[in-house]
Amino acid sequence: MRYGYQRMYINGQWVDAHGGNTIEVFDPALGSVIATVPQGGEEDIEHAVQAARHCFDSGAWPGRPERERERVLLDIARIIRRERDVLASIEVADSGKPLADALADIDEAAFIFEYYGGWITKLSGEIPPVGPLAMSLVVKEPVGVAGCIVPWNYPFLMAAQKIAPALAAGCTCVLKPAEQTPLTALELPKYLEEAHVPPGAVNIVTGYGEEAGEALVKHPGVDMVSFTGSLTVGRHIQETAARHIKRVTLELGGKSPNIVFADADLDAAVDKACYGVFWNQGEVCSAASRVFVQEPLYQEFVNRVKESLDSVRLGHGANPATTMGPLVSHEQQERVMGHVQAAYADGARCVAKGSLPADPALSQGFFVEPMVFTDVNPSMRIMREEIFGPVMAIMPFQSESEAVALANDTPYGLAAALWTSDIKRALAVARKLRAGTVWINDSQPAPSEAPWGGYKQSGNGRELGRLGLEEFLETKHIYINLDRGE
């Protein structure tokens with residue numbers, strides 16, 4: 001399906017890029033162009049930030065009563081649910097993910113607007129005791145204009161994760177979607193208008209990170225930056241934003257461990273270990289791609305994982321039989337295969353699949369077969385670098401302390417999983433793992449009601465849950481002198 005030329009959205013208007021340039025958008029399963037979007041740059045970001053700034057400073061959005069803003073977000077959720085099939089089909093064509101996964105993303109995005117809509121009338125401050133002759137009020141206020149930059153692996157869901165709490169807090173925002181997957185984000189303004197979001201409250205500028213994204217981070221009219229993406233870009237954003245002492249939240253990469261103890265439920269552990277690496281084609285920041293299996297269970301675990309890959313069906317996401325779609329781009333396909341070649345060079349052994357698919361029907365798309373490596377050690381690049389593709393590495397361990405040490409031997413700390421039937425061990429190990437989320441006897445659930453974010457170089461700040469909302473809020477102390485001089 002072709003979607004033609006899509007304009008970007010600034011101050012309630014559909015506009016072209018100031019320079020007139022465009023970006024081609026590909027269907028990654030077919031390798032063909034399905035749309036073009038404006039290549040926004042510094043002047044377009046200037047226009048968008050001015051619009052967001054005016055909407056905020058004038059009170060057009062933050063000045064609306066809380067009950068009204070709550071109804072607006074609930075209306076956005078209702079409209080998303082109404083349009084879920086349309087959004088999901090666009091997401092499949094744009095990102096390559098299977099339809100069932102796209103539908104789940106759209107449903108969760110709708111819930112996120114509902115969840116944060118409900119918070120708007122629940123926010124409150126506090127009155128700390130400061131003595132009988134004074135009163136202190138602690139109130140929450142919106143940060144201001146938020147610059148939101150989202151990645152290509154969950155285009156619509158990640159946009160919702162940033163826009164919904166920003167609006168709930170009373171902020172206005174400028175969203176820069178990934179240049180590879182901008183199409184569902186460009187559907188959102190129609191829903192915002194129907195829900196009566198004022199012009200300038202949400203602006204969407206399409207473009208490249210080094211142009212539009214850079215200008216957004218640098219702009220002095222942007223009060224905070226919320227970014228999800230790679231460690232390299234996140235480090236640059238933090239350094240750049242520091243010039244204006246902007247608030248920055250970063251959800252960056254991961255190299256998540258999955259520890260399987262000998263007393264684990266083997267069927268469940270194998271099933272979720274595969275899900276934790278191969279879900280969404282492995283294009284998941286929390287992918288538990290380092291699998292550590294206790295020695296008595298190791299060989300059987302490897303054999304079972306190999307067998308499970310026989311059920312994987314590569315194909316276009318619109319095909320109901322497809323269980324794994326393509327990677328998002330040719331560039332990403334080459335990047336993943338570069339990591340695979342590095343693993344071979346380092347001495348790792350591929351025990352399942354391990355190449356580009358031979359099926360000529362898939363030759364034009366950006367597909368990579370799921371693969372499993374053994375004979376790995378912690379110093380190998382396959383065990384240290386984020387691959388962002390369907391690549392699993394399995395390594396045996398002996399003791400609990402060794403498993404914890406191996407799991408924590410990484411500069412990342414986004415998530416971790418562990419499998420055991422011993423609840424005391426589970427909780428003890430969970431406390432020792434240096435990760436923002438620890439799953440016990442599961443892998444990858446990220447409920448929107450709970451916080452999400454990482455330790456170490458996986459970022460700072462949190463998204464989702466109450467803490468995700470507070471990232472968009474300032475805390476103000478108002479002191480009242482009650483001394484009447486008596």
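Only a predicted model underlies this, so the values are computations on that prediction, with no experimental measurement involved. (Residues numbered from 1 in each chain as written. Predicted model: local features only at pLDDT ≥ 70, side-chain atom pairs only at ≥ 80, totals over all residues. Heavy atoms only, no water.)

**Student:** Give a description of the overall build of the chain that names residues and reports values.
**Tutor:** A count of helical and extended segments in the chain gives 15 helices and 20 strands. In terms of overall size, the chain behaves like a compact globule, its C-alpha atoms giving a radius of gyration of 24 Å where 486 residues would be expected to give roughly 23 Å. Principal-axis analysis of the C-alpha atoms places the extent of the chain at approximately 80 × 60 × 40 Å. Taken across its 486 residues, the chain has 56% of its residues classed as buried. In the chain, the share of contacts with a sequence separation of at least 24, taken over all contacts with a separation of at least 6, comes to 74%. Element-wise, carbon and sulfur atoms account for 51% of the exposed surface of the chain, whose accessible area totals about 19500 Å². In the chain, 43 positive and 62 negative side-chain charges are present, and the distance between their average locations comes to 4 Å. (Helix = DSSP H or I, 4+ residues; strand = E, 2+ residues; numbered from the N terminus. Rg over C-alpha atoms; globule rule 2.2 N^0.38 Å. Buried < 20%, exposed > 50% of the residue type's maximum accessible area, 1.4 Å probe, protein only. Contact = heavy atoms within 4.5 Å. Areas by Shrake-Rupley, 256 points an atom, 1.4 Å probe, with all protein chains shown as cover. Lys, Arg positive; Asp, Glu negative; His and termini not counted. Charge placed at Lys NZ, Arg CZ, Asp CG, Glu CD.)

**Student:** An account of helix H8 (residues 231-241) is requested, with residue identities and associated values reported.
**Tutor:** Listed as buried for H8 are Leu231, Gly234, Ile237, Thr240 and Ala241. Of the surrounding secondary structure, the elements contacted by the buried residues of H8 are strand S7 (145-149), helix H7 (209-218), strand S10 (224-228) and strand S11 (247-251).

**Student:** Describe a nonpolar patch on the surface, listing the residues and the values that go with them.
**Tutor:** On the surface, a nonpolar cluster with roughly 270 Å² of combined accessible area is contributed by Ile127, Met135 and Leu482. Topologically, Leu482 is positioned in the segment after strand S20 (473-481). (Patch = residues over 30% accessible without salt bridge, like charges linked within 9 Å, V, L, I, M, F, W, Y side chains within 5 Å. Salt bridge = Lys/Arg side-chain N within 4 Å of Asp/Glu carboxyl O.)

**Student:** Give a detailed account of the sheet that holds strand S12 (residues 257-260), specifying residues and quantitative values.
**Tutor:** Reading across from one edge, S14-S15-S16-S13-S12-S17-S18 is the order of the seven strands in this open sheet, with mixed pairing throughout. Only two strands of the sheet have a single neighbouring strand rather than two, namely strand S14 (349-352) and strand S18 (437-440). Mean inter-strand twist for the sheet, computed between neighbouring axes without regard to direction, equals 25 degrees. Relative to S18, strand S17 (residues 415-419) runs parallel, the two being bridged by four bridges. Residue Ala416 lies in a different strand from S18, and its bridge partner there is Val438. Across the sheet, helix H9 (residues 266-278) is in contact with S12, strand S15 (371-374), strand S16 (391-397) and S17; its angle to S16 comes to roughly 135 degrees. Against the sheet, helix H11 (residues 330-346) makes contact with S14, S15 and S16, and its axis sits at roughly 25 degrees relative to S15, the strand it touches most. (Pairing = 2+ DSSP bridges. Axes fitted to C-alpha atoms, helices over the stretch in contact; angles between N-to-C directions.)

**Student:** Talk me through the state of the cysteines; I want residue IDs and the actual numbers.
**Tutor:** Counting across every chain of the model gives zero disulfides. The closest cysteine sulfur to the non-disulfide-bonded Cys285 is located on Cys148, 17 Å from its own sulfur. Here Cys350 stays unpaired: no disulfide links it, and the sulfur of Cys274, its closest cysteine neighbor, is 13 Å away. For Cys350, a relative accessible area of 19% gives the class buried. (Disulfide = S-S within 2.5 Å.)

**Student:** Account for unusual backbone geometry, naming residues and giving values.
**Tutor:** Phi is positive for Asn280, which is not a glycine, with a value near 55 degrees. Relative to the helices and strands, Asn280 is located in the loop between H9 and strand S13 (290-294). According to the relative accessible area criterion, Asn280 is buried, its value standing at 2%. For Gln281, which is not glycine, the phi torsion reads 65 degrees and is therefore positive. Within the secondary structure layout, Gln281 lies in the loop between H9 and S13.

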